[in-house]
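# Analysis of the macromolecular model
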Amino acid sequence: MKHEYRRTLPILLILILAAGCASAPKTDAAAVQKASFPEIWAYLMHGEEKELSGDEPITDLCHFSAEINYRGELVPLKPLSPAAKLPAGARLHYVVADISNQAKMHLVLRSDLPFRKKLITDIAAASASYNGVQIDFESVNPDDRGPFISFLEELKTALAPRLLSAALPERIAKTNEEFDYAQVAAVCDRVFIMAYDQHWSGSDPGPVAGDEWCAKVAAYAGSQIPKEKLIMGLPFYGRSWQDKKTSRAWRYSGIQDLLKKVKPTETDPLQPSFTYKDTIHVTVFYE
């Protein structure tokens with residue numbers, strides 16, 4: 001499962017430092033301010049600066065996102081609009097993301113190839129005006145777990161004294177895979193756990209982040225990551241599913257069977273086609 005969260009809304013995630021989770025997080029800004037959370041992080045999609053009022057109770061804002069092209073080179077973020085009303089005193093973090101290309105990740109993480117050193121140098125330079133960098137590499141192959149950790153170590157050195165954070169997929173138990181929570185936490189200043197998309201666009205309908213599921217995610221993360229480094233992601237979005245997907249290819253025999261079941265409302269004798277109506281049921285989950 002790949003996370004689909006940050007490409008739909010401007011500020012749709014609030015991330016809470018676990019060290020301050022003495023009470024349940026609230027969506028109301030005033031309530032959040034009263035809660036004992038030492039840090040409240042959020043994502044900002046580039047181009048959505050107009051959505052910021054400047055009054056949000058945010059301590060850290062993640063600017064999403066720079067990418068890596070097919071040559072293994074950084075595609076830098078464009079500067080934030082000068083008109084952006086950033087929350088007073090908030091630290092700004094430069095996000096570098098790669099979501100779905102394991103082959104590319106394999107090449108840029110290898111220390112014996114030139115891509116890695118150049119990428120680290122370019123990230124450090126491009127983020128010079130930011131308070132920190134966040135790495136969101138979701139396409140790391142399990143065989144590249146070691147190179148991923150050493151990449152973070154080298155990047156941390158290049159960024160010092162700025163903050164380094166890493167966004168990791170949610171887990172409820174240890175598995176033999178690409179991301180070892182404890183190893184990442186030993187390198188990074190903050191570790192983000194993406195506790196959302198329990199159900200996603202390609203799954204059956206269900207909660208985006210159900211309470212019971214989130215509790216299991218938080219419990220496991222807390223057993224592996226020091227609480228002063230652990231950031232838990234909360235989704236501020238819902239998701240909908242429909243019970244029928246009508247876009248498809250048809251054989252001639254299938255068309256004939258379909259015509260027996262439906263009542264065409266329009267036909268075109270010059271260009272063989274027809275139109276019919278159908279009912280689709282939509283299910284929406286929104287925590």
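Residues numbered from 1 in each chain as written. Predicted model: local features only at pLDDT ≥ 70, side-chain atom pairs only at ≥ 80, totals over all residues. Heavy atoms only, no water.

### A few points about unusual backbone geometry
The residue after F64, namely S65, is reached through a cis peptide bond having omega -15 degrees. Inspection of the secondary structure assignment puts S65 in strand β3 (residues 60–68). Following A160, the chain continues to P161 via a peptide bond in cis, the omega torsion being 10 degrees. Considering the arrangement of structural elements, one finds P161 in the loop between α4 (145–159) and β7 (163–169). (Helix = DSSP H or I, 4+ residues; strand = E, 2+ residues; numbered from the N terminus.)

### Some thoughts on the pattern of salt bridges
A full pass over the atoms with the stated rule returns 14 salt bridges. For K216, the salt bridge is made with E212, and the minimal N-O distance between the two is 3.9 Å. Highlighted residues: K216 and E212, both in helix α6 (residues 211–224), separated by four residues, approximately one helical turn. What makes K216 partly exposed here is its relative accessible area of 43%. The structure contains a network of salt bridges with shared partners spanning E39, D60, R91 and R190. (Salt bridge = Lys/Arg side-chain N within 4 Å of Asp/Glu carboxyl O. Buried < 20%, exposed > 50% of the residue type's maximum accessible area, 1.4 Å probe, protein only.)

### Some thoughts on the packing of helix α3 (residues 114–126) against α4
Relative orientation of the contacting elements α3 and α4 amounts to 40 degrees, with a least axis distance of 10 Å. In terms of axis orientation, α3 runs oblique to α4. Considering how the two elements wind past one another, α3 and α4 form a crossing that is right-handed. On the side of α3, the interface is formed by R116, L119, I120, I123 and A124, while α4 contributes P147, S150, F151, E154, L155, A158 and L159. (Axes fitted to C-alpha atoms, helices over the stretch in contact; angles between N-to-C directions. Parallel < 35°, antiparallel > 145°, perpendicular 65-115°, else oblique. Left-handed = near helix turned anticlockwise from the far one by under 90°. Contact = heavy atoms within 4.5 Å.)

### Describing the packing of aromatic side chains
The final tally for this structure, using the stated rule, is ten aromatic pairs. When the centroid spacing of 6.0 Å and the interplanar angle of 85 degrees are considered together, the rings of Y43 and F64 count as edge-to-face. In this pair, Y43 sits in strand β2 (residues 40–45) while F64 sits in strand β3, placing the two residues 21 residues apart along the sequence. Residue classification places F64 among the buried positions, given a relative accessible area of 4%. An aromatic cluster is built from W41, Y43, F64 and F192, whose rings are joined through pairwise contacts. (Phe/Tyr/Trp six-rings, centres within 6.5 Å; stacked < 30°, edge-to-face > 60°.)

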